[in-house]
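Next come the chains, spelled out residue by residue.
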Amino acid sequence: MRRRLDERHLATASPELMKQSNQHLITVKIAGADPFKLPVAENEESFYRYVIERINENLNKFRYGANADSESVSLAKIALYYATMLYRKTELIRSQGELLDKFEADIDKLLTGTD
């Protein structure tokens, strides 16, 4: 059975576990969705807050103006934007890894027999 993202990743951690892993709960408020608690590592809190702020800023850009979208369309556009960026970066990293593997294989061929 597939679980929703928030059920899988946002389950509340026990206070003992959070202390051991240097995590604490932050309250996430994105768009008009109900605020929810998210356990994050202390050293990643500012990153999460930055991303949340960017999402809300982008949402406001889509929701206001002459060509304003509904909140759900705005969120869909933002999700598509971030997913596209993620997949492009992932593909770039994968292709760079392949090029590096080929380069290393070519070097190994050149060095074979030079011992």
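Residues numbered from 1 in each chain as written. Predicted model: local features only at pLDDT ≥ 70, side-chain atom pairs only at ≥ 80, totals over all residues. Heavy atoms only, no water.

1. Looking at the nonpolar core
And step 1. With 9 residues, the main nonpolar core is built from I26, V28, I30, L38, V40, I52, I55, L59 and I78.
And step 2. Elements with a minimum of two residues in this core: β1 (23–28), β2 (36–41) and α3 (45–63).
And step 3. It is α3 that contributes the most residues to this core, 3 residues altogether. (Core = buried A, V, L, I, M, F, W, Y, C linked by side-chain atoms within 4.5 Å. Buried < 20%, exposed > 50% of the residue type's maximum accessible area, 1.4 Å probe, protein only. Helix = DSSP H or I, 4+ residues; strand = E, 2+ residues; numbered from the N terminus.)

2. Observations regarding the pattern of salt bridges
And step 1. Per the counting criterion, the structure on display carries 8 salt bridges.
And step 2. In this structure, the salt-bridge partner of E45 is R49, at a minimum N-O distance of 2.8 Å. Of this pair, E45 and R49 are both found in helix α3, 4 residues apart, which corresponds to roughly one turn of the helix.
And step 3. Residue R49 is classed as partly exposed on the basis of its relative accessible area, which comes to 40%.
And step 4. Residues D69 and K77 are paired through a salt bridge, measuring 2.6 Å at the closest nitrogen-oxygen approach.
And step 5. Exposure remark for K77: the relative accessible area of 36% places this residue in the partly exposed category. (Salt bridge = Lys/Arg side-chain N within 4 Å of Asp/Glu carboxyl O.)

3. Overview of the layout of surface pockets
And step 1. As a volume, the second largest pocket reaches approximately 150 Å³.
And step 2. The wall of the second largest pocket is formed by A79, Y82, A83, M85 and L86. (1 Å grid on protein atoms, 1.4 Å probe; cavity = no way out; pocket = protein on both sides within 12 Å on 5 of 7 lines; lining within 4 Å. Points joined across faces, edges and corners; volume = space filled by probe spheres on them.)

4. Considering the confidence of the model for the protein chain
And step 1. Mean pLDDT over the protein chain: 83, with 81% of residues reaching 70 or higher.
And step 2. By mean pLDDT, the top-scoring element of the protein chain is β2 (95), and the lowest-scoring one is helix α1 (residues 5–9) (45).
And step 3. Low pLDDT (under 50) marks residues 1–11, which in the prediction has 10 contacts with non-local residues, meaning those over four places away or in another chain. (pLDDT = per-residue confidence, 0-100. Contact = heavy atoms within 4.5 Å.)

5. Some points on the side chain of S74
And step 1. Structurally, S74 is set in helix α4 (residues 71–111).
And step 2. Under the relative-accessibility criterion, S74 is labelled buried at 0%.
And step 3. If sequence neighbours within four positions are ignored, S74 has contacts with L59, F62, R63 and D69.

6. A closer look at the environment of E71
And step 1. For E71, the location among the structural elements is in helix α4.
And step 2. Along the primary structure E71 and A33 are separated by 38 residues, whereas in three dimensions their C-alpha atoms are 10.0 Å apart.
And step 3. Sequence-distant contacts of E71, that is, excluding residues within four places in its chain, are made with A31, G32, L59 and R63.
And step 4. At 3.4 Å, the side chain of E71 and the side chain of R63 are in polar contact. (Polar contact = N/O pair within 3.5 Å; in protein donor to acceptor, adjacent residues only side chain to side chain.)

7. Quick look at a nonpolar patch on the surface
And step 1. A surface patch of nonpolar side chains, amounting to about 510 Å² of accessible area, comprises L100, F103, I107, L110 and L111.
And step 2. Counting through the fold element by element, F103 comes out in helix α4. (Patch = residues over 30% accessible without salt bridge, like charges linked within 9 Å, V, L, I, M, F, W, Y side chains within 5 Å. Areas by Shrake-Rupley, 256 points an atom, 1.4 Å probe, with all protein chains shown as cover.)

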